[in-house]
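# Understanding the architecture of this molecule
Chain residues, written in single-letter form:
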Amino acid sequence: MSARLGARRPIVIANWKMYLGAPESLRTARAIRVLLRRLGRSVDVVLCPSFPLLAGVRDVLGGSRLQLGAQDLHAERSGPYTGDVSAAHLRGLVRFAIVGHSERRRVHGETDQSVAGKVRQALGAGLSPILCVGETAEERNEGKTIARVREQVRRLLRGVPSFSISRCVVAYEPMWAVSQGIGQPALQPDPKEAAEVMRLIRKVVADQGSRSFADRLRVVYGGSVEAKTVRPFVEEQGVDGVLVGAASTIPAEFAAIVKTVAACHS
Ligand code: PGA
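Now for a description of the structure that goes with this document. Only a predicted model underlies this, so the values are computations on that prediction, with no experimental measurement involved.

Definitions and limits used
- Residues numbered from 1 in each chain as written.
- Predicted model: local features only at pLDDT ≥ 70, side-chain atom pairs only at ≥ 80, totals over all residues.
- Heavy atoms only, no water.
- Core = buried A, V, L, I, M, F, W, Y, C linked by side-chain atoms within 4.5 Å.
- Buried < 20%, exposed > 50% of the residue type's maximum accessible area, 1.4 Å probe, protein only.
- Helix = DSSP H or I, 4+ residues; strand = E, 2+ residues; numbered from the N terminus.
- Contact = heavy atoms within 4.5 Å.
- Axes fitted to C-alpha atoms, helices over the stretch in contact; angles between N-to-C directions.
- Parallel < 35°, antiparallel > 145°, perpendicular 65-115°, else oblique.
- Left-handed = near helix turned anticlockwise from the far one by under 90°.
- Nonpolar A, V, L, I, M, F, W, Y, C, P; charged D, E, K, R; others polar.

## Details of the nonpolar core
Counting residues in each nonpolar core, the largest one holds 72 residues, and the members touching the most others are Val12, Leu47, Leu157, Tyr221, Val242, Phe254 and Ile257. It is helix α9 (residues 191-208) that provides the largest number of residues to this core, a total of nine residues. Residues in contact with phenylalanine 254, not counting those within four places in the same chain, are Val12, Ile13, Ala14, Ile32, Val45, Leu47, Val244, Ala247 and Ser248. Counting 12 residues, the second largest nonpolar core, distinct from the first, contains Cys48, Phe96, Ile130 and Ala171.

Listed below in structure tokens is the structure:
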């Protein structure tokens, strides 16, 4: 695949969810670091362990090009929110934070409105939010994918200044495509259809603000990505990388995904 990315560097994000315990997280980070030691500057790689393991994984990654992200943050700056983590807690520790993941929407009842608050908090603290959007199976079956994703992107980015847009990453993750666990991939969309939705995401952002900032926004695909399925997605125009859940907990598998993305974008 020829170079066609312009200024956008591809990005591969590992979302470890609640899969790995403490020793496994550190071991997995170490193994990924070793496997990707020759990785150049052609791709950004972000590991997102659970909150208590951020500091430990940061120490493992020190001096490497691998970056750290959180799996969530709170929509308010501070307050009486037992068990929650604010953007200020994360500042200085991570560069990225996933917001609006479908599991948080489904299990914790997060809405576009609360996720929009998270986007604002992340940006205000100097972090790069990774905004997850995507339709349910029902919405897809009713032909509402485009309308739903358009609505989510508009709501999540409403009021975000254009100059902050290029700091965001949008992850298109159809909810029905997210795997049920390690070794349990779900169905995936046709890569061409997914890429079409992802180009729409960039267009919505451009229509809402400035074209040049939208051109710098990275849009990635997520949902049951594995080494054997990643290529057709990242070969599509306008797909800037992937968000990987289950497969990112297996170092060799994750490293193979990163290498495929780097190769497709070189
Ligand atoms: P999956 O998860 O790769 O296990 O489907 C992706 C995600 O939910 O971020």
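## A word on the packing of helix α1 (residues 22-35) against helix α12 (residues 251-264)
Contact geometry of α1 with α12 gives a least axis separation of 9 Å together with a crossing angle of 40°. It follows from the interaxial angle that α1 and α12 lie oblique. In this structure, α1 meets α12 at a crossing whose hand is right-handed. From α1, Thr28, Ala31, Ile32 and Leu35 reach across to α12, where they touch Pro251, Ala252, Phe254, Ala255 and Lys259. For the contact of α1 with α12, the residue count by class is seven nonpolar, one polar and one charged.

## Concerning the environment of isoleucine 182
Tracing the backbone through its elements, the reader meets isoleucine 182 in the loop between β6 (169-172) and α9. Given the relative accessible area of 40%, isoleucine 182 is considered partly exposed. When the C-alpha positions of isoleucine 182 and alanine 87 are compared, they lie 29 Å apart, and in sequence the two are 95 residues distant. Sequence-distant contacts of isoleucine 182, defined by excluding residues within four places in its chain, comprise Tyr19, Ala246, Thr249 and Ile250.

None of the figures reported here should be taken as evidence of function without further support.
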